[in-house]
Amino acid sequence: MILGPPEQIDSATRAFCATISPEPPLYVRVEPVRGAKPAYCFDNSVAQALRHGGSAVYGWAIWHWPGRWFEAEHHAVWHTPDGDLLDVTPQAGDPSRILFLPDPSAPYDPATFRRNIMAPDGDSAAVREYIALVAARGDITDRYWEPGMDVLPLFSPEDQRRLDPIDARMAELRAAFA
C-alpha cells in the first residue's frame, strides 16, 4: 500500500478536506521528539506543550493513495510558542511532512473514538467496495473500543464469523490494488 501525505494540495485534496473541516489544510514538518511514541499524537503534543510552551492543535492528518483514496486520521500537532506547527509524533514511513487539517470541532476526548474518514480518489468500484468494507468492519469492531485500550480485544465468536469474510475480501482487494 502506498498511503502517504498528498504530494500537493490540489482541488481533489481540498474537496476532501472541505467535507471534514472549513479550515484550510497545510503542510506540517514532522520532527519527532525524544521519547514520543508512535500513534500517541495527543499525548506527545500535550507533553511537548507542557515542557516547552505552546499548545496542542487538534484536527486530522490527511493521507492519500493516488488513484485509490483519501483518508483522514484524527491527529494532534504542537503549536510552538513562536507560532509554528510541528508534528512531534513519529510517523510510519518517516515522512518529512504531513498534510494537517485543523478542526476546532474535533478536540481530543479520551472517552470518544473518532474513526478515520475515507473517500475514493476516482471512480473505482473496487475502491468504493473497499471503503464500504472498512466501514462495515468498523461497525462491528468499534463496539469493542474502550478508552485507554492499547490492544485489540477478543471478538465474540459471532462477530468473528462476521469479520472473517470482510477481512478476506479486504485482503483480496488490497492484493489487487498493488
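Residues numbered from 1 in each chain as written. Predicted model: local features only at pLDDT ≥ 70, side-chain atom pairs only at ≥ 80, totals over all residues. Heavy atoms only, no water.

S.K.: What am I meant to see in the packing of aromatic side chains here?
M.R.: When we look at a pair of aromatic rings, we describe it by the centre distance and by the angle of the planes. Counted by the stated rule, this structure contains 10 aromatic pairs. With a centroid separation of 5.8 Å and 90° between ring planes, the pair formed by Trp65 and Phe177 is classed as edge-to-face. Here Trp65 is found in strand β2 (residues 55–65), whereas its partner Phe177 is found in helix α4 (residues 157–177), with 112 residues between them in sequence. Both residues of the pair, Trp65 and Phe177, count as buried. On the basis of an interplanar angle of 85° and a centroid distance of 4.9 Å, the ring pair of Tyr144 and Phe155 is categorised as edge-to-face. Of this pair, Tyr144 sits in the loop between α3 (125–141) and α4 while Phe155 is found in the loop between α3 and α4, placing the two residues 11 residues apart along the sequence. (Phe/Tyr/Trp six-rings, centres within 6.5 Å; stacked < 30°, edge-to-face > 60°. Helix = DSSP H or I, 4+ residues; strand = E, 2+ residues; numbered from the N terminus. Buried < 20%, exposed > 50% of the residue type's maximum accessible area, 1.4 Å probe, protein only.)

S.K.: Would you explain helix α1 (residues 11–18) in this entry?
M.R.: Residues lying three or four places apart along an α-helix face the same way, a consequence of the helix completing one turn every 3.6 residues. For α1, the full list of buried residues reads Thr13, Phe16 and Cys17. Along the axis of α1, the buried positions cluster into a sector of 95°, meaning they face one direction only. Exposed and facing more than 90 degrees away from the buried side of α1 are Ser11 and Ala18. On its buried side, α1 packs onto β2, β3 (69–79), β5 (97–102) and β6 (117–120). Taking the backbone nitrogen of Ala12 as reference, a side-chain oxygen 3.3 Å away marks Asp10 as the first, capping residue of α1. (Arc of directions from axis to C-beta. Contact = heavy atoms within 4.5 Å. Polar contact = N/O pair within 3.5 Å; in protein donor to acceptor, adjacent residues only side chain to side chain.)

S.K.: Hey, could you run me through the environment of Ala176 in this one?
M.R.: Position of Ala176 among the secondary structure elements: in helix α4. Take Ala176: its relative accessible area is 57%, and that puts it in the exposed class. A sequence separation of 141 residues divides Ala176 from Gly35, and the C-alpha atoms of the two residues are 38 Å apart.

S.K.: When you look at unusual backbone geometry in this model, what are you seeing that I'm missing?
M.R.: Note: most peptide bonds trans; most residues except glycine with negative phi. A positive phi angle is found at Ala39, which is not glycine, with a value near 70°. Along the chain, the position of Ala39 falls in the loop between β1 (26–30) and α2 (41–52). On the accessibility criterion, Ala39 (73% relative accessible area) is exposed. Notably, Asp94 is not glycine yet its phi reads approximately 50°, a positive angle.

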